[in-house]
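# Coordinate analysis (summary)
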Amino acid sequence: MTQATVDTGVITKAVELACHAPSLHNSQPWRWSAGSTAVDLFLDPHRLVTAADSSGREAVISCGALLDHFQVAMAAAGWNAAVDQFPNPNDLDHLASIDFAPMDYVTQPRRDRAEAILLRRTDRRPFRAPNEWASLESVLGSSFENDGIELAVLADEARPRLAEASRLTEALRRYDDSYHHELAWWTAPSRESEGIPESALASGSAARAVAVNRRFPADWHSERSSASRPDQARIVVLSTPGDTRADALDCGRALSAVLLECTLAGLATCPVTHLTEIAASRAIVGDLTGSPAVPQVLIRVGVAPSGEVPPPTPRRPLRDVLEFHR
């Protein structure tokens, strides 16, 4: 692709939109370096959630979702964004270099997809079963271009074993002080532009109704409803051929595509990653998919409960994540 000069305002808006991508505990572990003809994406190693994600795998997945969001935002602005992954073999934190070429025209579906970025939420409440799932499942399977990524939809019969895997994860971490301290830090009220605010956490009965979700500090679970129905979400698993950084980045790009397609379909979503953070629970998920591929992330998909939509979680100021160079 021939490099073209892009107005810095277009790049700035696209980066700002892309930074609404989901990340572990809303840690936003990324930074951008931009010029007028190319943009570089880096993992920020200072923002790793080390107790939960010691290898940085989930941080790279988050950056993959960010990267796909950026491509979506640039397409809506009329630019094809060509991605060169890991352009510097001596710096694996340099995740991608992107250059641009103008598009002949921009279709409404591309604009709709970009608008879905701001509509998406990580909704931890129990869901009702999605309608016309068979049609959507086919769409989700074709929503990303990487043939190496496997998308599996778990049967309802898998729920007890998933709940077992979640309980196992919690049990193995019961005395992991670093993990619990870190979880409390990312959910503390003092976090202003990062972390998980109370409004993004399910209340007591709603939290208990979703057996596969991560358990957050109990004092955040103020009761906001008298009862919650059992979770009827469909559970999607994204798996990769291996467990390298490239696999994680590819998975994140696919995760973005799945989340945006679900949002366009009017459905709520919630990525679930704690089940792949510990080998024992990850093995259970892999067994449920029936594939030798490596499970990376689960996604709950369904109809959100009626009532207030969760507010957007905060994001870091753009000046902290984006720098321009000549």
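Residues numbered from 1 in each chain as written. Predicted model: local features only at pLDDT ≥ 70, side-chain atom pairs only at ≥ 80, totals over all residues. Heavy atoms only, no water.

- An unreviewed UniProt entry annotates the protein chain as NAD(P)H nitroreductase acg of Mycobacterium innocens.

### With respect to the overall build of the protein chain
- Of the regular secondary structure elements, the protein chain holds 10 helices and nine strands.
- Against the 2.2 N^0.38 benchmark of 20 Å for 326 residues, the protein chain shows a C-alpha radius of gyration of 19 Å, consistent with a compact globule.
- Each principal axis of the C-alpha atoms in the protein chain carries an extent, and together these give about 55 × 45 × 40 Å.
- Counting over 326 residues, the protein chain shows a buried share of 54%. (Helix = DSSP H or I, 4+ residues; strand = E, 2+ residues; numbered from the N terminus. Rg over C-alpha atoms; globule rule 2.2 N^0.38 Å. Buried < 20%, exposed > 50% of the residue type's maximum accessible area, 1.4 Å probe, protein only.)

### Quick word on the sheet that holds strand β4 (residues 94-102)
- Ordered in space as β3-β4-β2-β1-β9, the five strands form an open sheet in which the pairing is mixed. Unpaired on one side and paired on the other, β3 (79-85) and β9 (322-324) mark the two borders of the sheet. Neighbour-to-neighbour, the strand axes of this sheet turn through a mean angle of 20°, independent of strand direction.
- Strand direction decides the pairing type here: strand β1 (residues 30-34) and β9, joined by three bridges, are parallel. In the sheet register, A34 faces β9, and the bridge partner there is F324.
- Here helix α1 (residues 8-18) sits on the sheet and contacts β1, β2 (38-43), β3, β4 and β9; the angle it forms with β9, its principal contact strand, is near 165°. (Pairing = 2+ DSSP bridges. Axes fitted to C-alpha atoms, helices over the stretch in contact; angles between N-to-C directions. Contact = heavy atoms within 4.5 Å.)

### Some remarks on the packing of aromatic side chains
- Taken as a whole, this structure holds three aromatic pairs when the rule is applied.
- An angle of 45° between the planes, with centres 4.9 Å apart, marks the rings of W32 and F70 as tilted. With W32 in strand β1 and F70 in helix α2 (residues 57-76), the pair connects residues that are 38 residues apart, well separated along the chain.
- Residue classification places F70 among the buried residues on the basis of a relative accessible area of 0%.
- Taking 4.8 Å as the distance between ring centres and 80° as the angle between the ring planes, the aromatic pair formed by W185 and W186 counts as edge-to-face.
- On the accessibility criterion, W185 (35% relative accessible area) is partly exposed. (Phe/Tyr/Trp six-rings, centres within 6.5 Å; stacked < 30°, edge-to-face > 60°.)

### A closer look at the sheet that holds strand β6 (residues 234-240)
- Here four strands make up an open sheet; going across it, the order is β5-β6-β8-β7 and the pairing antiparallel. What marks the edges here is a single partner per strand, and that holds for β5 (150-154) and β7 (268-272). When the angles between neighbouring strand axes are averaged without regard to direction, this sheet yields 25°.
- In the sheet, β7 pairs with strand β8 (residues 294-302) via five bridges, with the strands oriented antiparallel. Residue pairing in the sheet places T269 in a bridge with V301 of β8.

### Let's talk about α2
- Helix length check: α2, at 20 residues, gives a terminal C-alpha distance of 29 Å against a target of 28 Å (1.5 Å per residue), a fit within 8%.
- Here α2 lies mainly inside the structure; 19 of its 20 residues are buried.
- The first or second residue beyond α2 is G78, which carries a positive phi of 95°. (Expected span 1.5 Å × (residues − 1).)

### A short note on unusual backbone geometry
- Even without a glycine there, the phi angle at Q28 is positive, about 50°.
- Note that Q28 resides in the loop between α1 and β1.
- Given the relative accessible area of 1%, Q28 is considered buried.
- Here the phi dihedral of E132 falls at roughly 50°; this positive angle occurs in a residue that is not glycine.
- Locating E132 in the fold gives a position in the loop between α3 (108-119) and α4 (133-141).
- In this structure E132 comes out as exposed when scored by relative accessible area, which is 68%.

### Re the pattern of salt bridges
- If you walk through the whole model with that rule in mind, you get 12 salt bridges.
- As a salt-bridge pair, D123 and R125 come within 2.8 Å of each other at their nearest N and O atoms.
- On the basis of relative accessible area, R125 is assigned to the buried category, the value being 18%.
- Residue R282 pairs with D243 through a salt bridge whose shortest N-O separation is 3.0 Å. Of the two residues, R282 is situated in helix α9 (residues 279-289) and D243 in the loop between β6 and α8 (245-264); the sequence distance between them amounts to 39 residues.
- You can call D243 partly exposed: its relative accessible area is 41%.
- By sharing partners, the salt bridges in this structure join D156, R159, D231 and R300 into a single network. (Salt bridge = Lys/Arg side-chain N within 4 Å of Asp/Glu carboxyl O.)

### What to know about the nonpolar core
- Within the largest apolar cluster, 60 residues are counted, with the highest numbers of intra-cluster contacts made by W30, W32, L41, F70, I98, F100 and L238.
- Sort the elements by how many residues they give to this core and α2 lands first, with 11 residues.
- Built from parts of two domains, this core gets at least three residues from each of domain 1 (8-119 + 313-324) and domain 2 (133-302).
- Judged by nonpolar contacts, the second largest core, of 13 residues, contains L154, A158, V210 and V285. (Core = buried A, V, L, I, M, F, W, Y, C linked by side-chain atoms within 4.5 Å. Domains from an automatic or database assignment.)

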